[in-house]
Amino acid sequence: MPKRIKWGVIGSGGIARRRTIPEGIVKARNAELSIVFDIDQQVNREVAKQYNVERAASIDELLDGDNDVIYIATPAGMHAQQVRACAQAGKHVLCEKPLGMTVAEAEEMIALCREKGVKLGCAFMMRFVAQHQKALALIEQGRLGRPVYARAQLSCWYPPIEGAWRQDPATGGGGALIDMGGHCIDLLEMFFGKVAKVSCFVNNTVHSYKSEDSATAMLFFENGALGTVDTFFCIPDNSSKNVLELYGSKGSILAKGTIGQGPAGQMEAFLEDDGKDYDAKQARAGKQSMKIDPEPVNTYQAEIEEFSRAVIEDREPAISGELGLRSQ
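Asker: Just checking my understanding: could you explain the nonpolar core for this structure?
Answerer: Grouped burial of nonpolar side chains is what soluble globular proteins tend to show. Judged by nonpolar contacts, the single largest core of 63 residues is most densely connected at Trp7, Leu188, Phe191, Leu246 and Ile253. Apart from residues no more than four positions distant in its own chain, leucine 246 is found in contact with Ala135, Ile139, Leu144, Tyr149, Ala150, Leu188, Phe191, Phe192, Gly251, Ser252 and Ile253.

Pasting the structure below:
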């Protein structure tokens, strides 16, 4: 297996053009962009020209090309069909989330990829945020104590746009919960383990499109911890700080801005020793926080490099199709 994996892209506009191609595939040390396809041929011509790669006129043409892995960044309603085509062609697949439109679809995608001997990954790139990995290490070391409660928030302003596939559950599978809440729930499972029970409210609080613009989920983890996820398409961007809060019997890890597409954000920990007595005054002042400020990494580059390594080393990707199924 070569040390640089050749990547093709289905859906070269959107997130692929904004983030995954320039920050991920192009900058990855073990990957190279080979060929691109998009239903919008003008966009596809522009992307192919920008990166001096082949431009496919169809998915079949792309799959016939010289590539090892296909990155799928199309609307969610197309994922299952396109993953099937990639697997049948013997191509490994990194698919954007949600992996499928239903649990049954996701299960079928995983089974077919396993049958055809190709690897399937789901693009939960926020797991690669350096601060999230540092927080995970502190939790695994027992520094947070017994997990108690977690909260993850991801919101933006997303007004009605004609043809926007995320605003119709027929093409996107849902709105704020499916598009953004999936990232949040996946992150909290990384920190606290599997969720055993879940309940949720969804609503169209501001916008009247078919998908929900508001969602709040309550999680009950297998280890007894509780959690909430709040995600909205109807809160202005600068008003939502995309907070992450992790609480345990020995303290907390609190962050703003680490959940999102960029590497920016602040995180600090308030950790204490065992054996604290009850304080009737509930004094809050005194102890300094510990800044969690590791060298930032680009999550898209980390995502592409990890999946490429999985192909080179012939192992299961760290962010596997099974995680996509759990989210579904």
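Let us keep going from here.
Asker: Any chance you could explain the pairing of strand S1 (residues 5-10) here in plain terms?
Answerer: Consecutive side chains of a regular strand alternate in pointing toward one face of the sheet and then the other. S1 sits mainly inside the fold: five of its six residues count as buried. After leaving S1, the chain enters helix H1 (residues 14-25) and then returns to the sheet as strand S2 (residues 31-37), a path that is right-handed. The sheet contact formed by S1 and strand S4 (residues 69-72) spans four bridges and is parallel. Across the sheet, the residue bridging to glycine 8 is isoleucine 70, located in S4.

Asker: Explain the side chain of glutamine 167 to me, please; I cannot follow it from the model alone.
Answerer: Relative to the elements of secondary structure, glutamine 167 occurs in the loop between strand S7 (147-153) and helix H7 (169-172). At 3.0 Å, the side chain of glutamine 167 forms a polar contact with the backbone nitrogen of isoleucine 161. Ignoring sequence-local partners within four residues, the contact set of glutamine 167 consists of Tyr158, Pro159, Pro160, Ile161, Tyr209, Lys210 and Ser211.

Asker: Whenever I open this one, helix H4 (residues 79-88) confuses me. Can you help?
Answerer: Owing to its 3.6 residues per turn, the α-helix brings residues three or four apart onto one side. By the burial criterion, the buried members of H4 are His79, Ala80, Gln82, Val83, Cys86 and Ala87. End-on view of H4: buried residues confined to an arc of 165°, all on one side of the axis. Facing away from the buried surface of H4 by more than 90 degrees, the exposed residues are Gln81 and Gln88. Following H4 by one or two positions, glycine 90 adopts a phi angle in the positive range, close to 75°.

Basis of the calculations
Numbers given for residues are sequential positions, taken from 1 along each chain in its written order. Reporting in this predicted model follows two pLDDT cut-offs: at least 70 for local features of residues, and 80 or more for side-chain atom pairs to be given and counted; totals over whole chains, interfaces and linings ignore these cut-offs and use all residues. Hydrogen atoms and water are omitted, and side-chain values are computed over all heavy atoms in the structure. In this description, a nonpolar core means a group of buried Ala, Val, Leu, Ile, Met, Phe, Trp, Tyr and Cys residues linked to one another through side-chain atoms lying within 4.5 Å. For every residue, the accessible area (1.4 Å probe, protein chains only) is compared with the maximum for its type, and the residue is labelled buried under 20%, exposed over 50%, or partly exposed between those bounds. Pairs of residues are marked as contacts when any of their non-hydrogen atoms sit within 4.5 Å. Under the DSSP-based scheme used, a helix requires at least four consecutive residues in state H or I and a strand at least two consecutive residues in state E, with every element numbered from the N terminus. Call a crossover right-handed when, viewed with both strands pointing away from you, the route from the first strand across the helix to the second goes clockwise. A pair of strands is treated as paired once DSSP finds two or more bridges between them. Polar contact is the term for a pair of N or O atoms within 3.5 Å; when the atoms are in protein, one must be able to donate a hydrogen and the other to accept it, and sequence-neighboring residues count only if both atoms are side-chain atoms. This arc describes the spread of directions from the helix axis toward the C-beta atoms.

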